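What the coordinates show
Single-letter residue listing:
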Amino acid sequence: MKRRGLIVVIALVVLLTGWWGFQRWQMYSASVWKLLPENAFFLIQSRHLQDTTYKVQRGGIEMREVPLLNLAARQVDMFRQLSDDKARAENLLKGQSITYVLQKTAGGRFAYLVFLPMEAFQSYAWLEAPASKNVRVTSHIHSGQKIYDVTNPLSEPIFAYTFFNNFLVSCVSGDVLEDWVRFAQSPLRTTNTSRFESIKQESSELSIYLDNVVLSEAIRREAATSPDAGLLYFLSFLPGTEGLHLDKLFSTKNPTLTSQGKKVRLEGYVEALNDQKASPLNHTFFIPNTTAVMYRLGFENSDNFVRKLRPQLEALSTDSVNRSRKQLLNLIGNARLDTFYRSFNKELILCQLEPNNSLTKGQIILQQVQPKNGLEPFFKRLSVLFNKNTGTPFEPFQGGYVYNINWHELPAVLFGGLFKGFPKCYVAFHKNFVVYANDSQVLKDYLIDLEYQRTWANSSLYNTFLKTTLGASNLTFIVNPRKSKEYMGTGFMNYLFTNLNYDITEKLPFDQLVFQSAYKNGKAYSSLTFGRLNKATSAKTLNKVFLQQEKPFETPPAGGIYLVRNYPSSLEKTIVVTPSRELQNPLLEENKRKITQLDAPIVGDIYSVDFLSIGRLQYVFATQKSLNVIDEDDRQRYLSLPPITLPAGRTIRSFQRLESGIEGSFRFLVIDTEGFLYLWNSPNQAPVVLNRSRPFVDLLLPINEVEYMGKRHFLFTQGSGQVGLISESGVIPSPYKLELNTNFSGPFFGVFTPENGTTTLIGISKYGELFEITLGGQVKRKVQLFRSDPTSFFRARAAINNRDWILFRESETQFAVLDKQGKELFSAQGLIPFRNDVQYHFLGSEVKFLSVKSGNFTTLYNLNGTQIGDKPIPSEIPIRVNLVEGYNKLLIHSYANKKLQTWSLKIR
């Protein structure tokens, strides 16, 4: 018995020792993958992110400033506060492969769990009682685990940490850390195998892992009221779990993370793209510079792509789109739809454009086809079929036609749910592409951009960047973070970054985010690139005002300085009018300076457009007496067409360009001093009066275009309180015009929202009543804004180029800038009475600012009231400004000290 008892005791000791040894071995050999929370959907792993001097490329992008990465870097930086001995803290972090796991806090915000590996059997006693002047450390026990709480001298919490196995685990949220402790102590946790471990890459300096299934569920749950459809579809192109690792080969160009290839679910667009030969984006000529977000599907075998896509369309779309598809099929039949799909040819591109004053989210789709002419009868038939009672089915434009197809979500019906956002659809043909747009003006603006060559292919910066970045792919997804700010304003992205407590679009180290993926044998091979179009501006030149050139000019130019676009360089040049009414190019040598002699002062601006449709630009402008067209050939010789006058010798008050012409690319709106409106459609025809029966007195400018009942109308505002619409044929539709029984100092503007296909008219009365009116004539909102003093008044003011507008509260010596909802952005006081001028400049959604002229100097301000530039610009007359696209440089044209001056200012 004694022997048996001894054997039992020895066996128990061996078992206990083995168990204790196993536990100790597991404690010091456990990998981070077994410690990850089950709901982890985004994690970062890096050996260098904690290094404050770490750059992927010399003089290139600082990865610690990339969104989400910068939040992780800030959290690991907190460890440096635990010791006054800097070397001790640095030794703790140096060379460690640290893992950051994004988690949601109890308060709905996001924070990282940080896993810092500790060397086995090494003493870290100083972390249990840190000696630091900056923080206080206390501890508490939770579920048997000791947690250290770090606070500042005011006892405000900073972060918490604990030791578990061979890791120090920390988080700025104590609740998140305590939840993780409960998970880590679960008996089943030790058998957990992380779904990310199979795609790890130990040698990578930086890795990002995504669980796209969990992330998709979060997007649907948290953004159910305003779903981020584009992001949801983007995630559907990825495997269930994806690992992207820093690729040293690409880091010499632009920092790029690549995947090793992982099985992807073959459904939807991926099923149609799988085993299609990947191809590069070659048609950059068709991508406009206003693109904020671009999706591109590339496929070599169009027949196979269509054959696989069509059965998937119902799964890709919502119920409403599927109902729309079935109704369309019943109307036009299978044969015509088969003809449409046979035209596919290698590319399908969606461009979401930066917003402007009349549109929140403009979109275009480019469908490469073969042959071009085979589809035009198809769309012509649709436009006639769906516009029997609502308006003109198609209209001439630039030698072709714009087809108005009044069918709900037609692109989503044809191509799937990624291509939503088209309550109505406008279609045109350009070379071998069909172009779809969600607004007729968006389509016309796009075609004009092509004519002006304002596209990626004609930008040396874009060309250089794309050649070093884009490879062969089946999916290309490109984001310009600043231009896409409006797209981040709703849905899950806004939810995520609001709860991360920082603005994704500010102070980014990159200009473009590029995702590419190719699909072969059921695997996705992906890459993510952070790219700059040009180098970051040095501190010596950023926000500094420099004099670029000056030219003696004895007397101030009459009417100010005019900027016109040259052809074919697309650069802008300066034109002025002398006191003797001679139109000059002042920067050319003497024998080429004179352009023409004017019969009266110029009214409005000088526009450089191809009004004659001859392949080059003309100068089109109005004087008080006549309408003028001047053609400039390649040798800078000028030919003036015979001027055109208004009936009965009426005096011209205003001259506006309308980018929706019948012949050529443009037409113009002329307004005389009596209040009559005229359409000028052709340089060979006299302008046509619209309001023949009576003038509109006290018109407030500019006049804006809106679409009403399927036709273009002009929105006019009279200072005495009338707001109206008038069609191109001179008809004022019911219920217009509206009598609002108040006075106005500025015009109404129309804002179109493609998501629901509605236009809202917005304006503000002289005394601060903000109106929102439906196109049906109903006042849906009227708010009284704060009036700071009895002398102040309100008005809506357009940008110089009429591409955007903003609200102002003004008096003789001060003004305040308000956003479109009436919220005050900033105010300025102490202006010189009767010697100040405020202009709003909109050069794109990411470049908008004010110029405030007070006395003989002009200062630039952004819309938050921060001064742009380190000094005011000398200016005896209002300045003119243009943006050198791609170089983030403003050129400011002024007149001072008997000189025409050009100043430069780098803004980023």
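Residues numbered from 1 in each chain as written. Predicted model: local features only at pLDDT ≥ 70, side-chain atom pairs only at ≥ 80, totals over all residues. Heavy atoms only, no water.

Let us now look at the nonpolar core. Counting residues in each nonpolar core, the largest one holds 109 residues, and the members touching the most others are Ile 44, Tyr 112, Leu 297, Phe 340, Phe 379 and Tyr 436. In terms of residue count, the dominant contributor to this core is helix H10 (residues 319–342) (6 residues). When neighbours within four sequence positions are excluded, Ile 44 is seen to be in contact with Leu 49, Leu 68, Leu 69, Ala 72, Ile 98, Thr 99, Tyr 100, Tyr 112, Leu 206, Ser 207 and Ile 208. (Core = buried A, V, L, I, M, F, W, Y, C linked by side-chain atoms within 4.5 Å. Buried < 20%, exposed > 50% of the residue type's maximum accessible area, 1.4 Å probe, protein only. Helix = DSSP H or I, 4+ residues; strand = E, 2+ residues; numbered from the N terminus. Contact = heavy atoms within 4.5 Å.)

Before going further, it helps to examine unusual backbone geometry. Along the chain, Leu 701 connects to Pro 702 via a cis peptide bond; the corresponding omega equals 5°. Secondary-structure assignment places Pro 702 in strand E35 (residues 699–708). For the peptide bond that leads from Tyr 736 to Lys 737, omega is 15°, which places it in the cis range. Among the secondary structure elements, Lys 737 is positioned in the loop between strand E37 (722–727) and strand E38 (738–739). The backbone of Ser 143 sits at a positive phi, close to 50°, despite the residue not being glycine. Relative to the assigned elements, Ser 143 resides in the loop between strand E4 (136–142) and strand E5 (145–151). Among the residues examined, Ser 143 registers a relative accessible area of 38% and is labelled partly exposed. Here Asn 521, not a glycine, exhibits a phi torsion of approximately 55°, which is positive. Its location among the elements puts Asn 521 in the loop between strand E20 (512–520) and strand E21 (523–531).

Attention now goes to the packing of helix H9 (residues 302–316) against H10. Direction vectors running N to C along H9 and H10 enclose 170°, while the axes themselves pass 13 Å from each other. The orientation of H9 with respect to H10, classified from their angle, is roughly antiparallel. Taken together, the residues of H10 that come into contact with H9 (itself represented by Val 306, Arg 310, Leu 313 and Glu 314) are Asn 322, Arg 325, Lys 326, Asn 334, Leu 337, Asp 338 and Tyr 341. Residue classes in the contact of H9 with H10 are distributed as 4 nonpolar, 2 polar and 5 charged. (Axes fitted to C-alpha atoms, helices over the stretch in contact; angles between N-to-C directions. Parallel < 35°, antiparallel > 145°, perpendicular 65-115°, else oblique. Nonpolar A, V, L, I, M, F, W, Y, C, P; charged D, E, K, R; others polar.)

We now examine the packing of aromatic side chains. With the rule as written, the count across this model stands at 56 aromatic pairs. A ring pair is formed by Phe 744 and Phe 771, whose centres lie 6.0 Å apart and whose planes are at 50°; its orientation type is tilted. Taken together, the positions of Phe 744 in the loop between E38 and strand E39 (749–753) and Phe 771 in strand E41 (residues 769–774) put the pair 27 residues apart, joining distant regions of the chain. The class for Phe 771 is buried, based on a relative accessible area of 3%. Positioned above the aromatic ring of Phe 808 is the side chain of Arg 797, whose terminal nitrogen or guanidinium carbon lies 5.0 Å from the ring centre. (Phe/Tyr/Trp six-rings, centres within 6.5 Å; stacked < 30°, edge-to-face > 60°. Lys NZ or Arg CZ within 6 Å of the ring centre and 35° of its normal.)

With that out of the way, let us pick up the sheet that holds strand E25 (residues 582–584). The 4 strands lie next to each other as E23-E24-E25-E26, forming an open sheet whose pairing is antiparallel. In this open sheet, the two strands that pair with only one neighbour each are strand E23 (562–565) and strand E26 (594–597). Between one strand axis and the next, the sheet turns by 30° as a mean value, whatever way the strands run. Relative to E26, E25 is paired through 3 bridges, and the arrangement is antiparallel. What sits directly across from Gln 584, in E26, is Lys 594. (Pairing = 2+ DSSP bridges.)

Here the protein chain averages 85 in pLDDT, and 88% of its residues register 70 or above. At the level of individual helices and strands, the protein chain shows its lowest average pLDDT in helix H1 (residues 2–29), which scores 55, and its highest in strand E33 (residues 677–680), which scores 96. This model gives residues 22–29 a pLDDT under 50, and the stretch forms 9 contacts once residues within four places in sequence are excluded. (pLDDT = per-residue confidence, 0-100.)

Two elements in contact, H10 and helix H11 (residues 376–385), have axes whose closest approach is 11 Å; the angle formed by their N-to-C orientations is 170°. In terms of orientation, H10 and H11 fall into the roughly antiparallel class. Listed contacts from H11 to Leu 328, Ile 332, Arg 336 and Phe 340 of H10 are Phe 378, Phe 379, Arg 381, Leu 382 and Leu 385.

Regular strands show a simple pattern: their side chains alternate between the two faces of the sheet. Of all 7 residues in strand E14 (residues 363–369), 7 are buried; the element is thus mostly enclosed. In the sheet, E14 pairs with strand E18 (residues 433–437) via 5 bridges, with the strands oriented antiparallel. Across the sheet, the residue bridging to Ile 365 is Tyr 436, located in E18.

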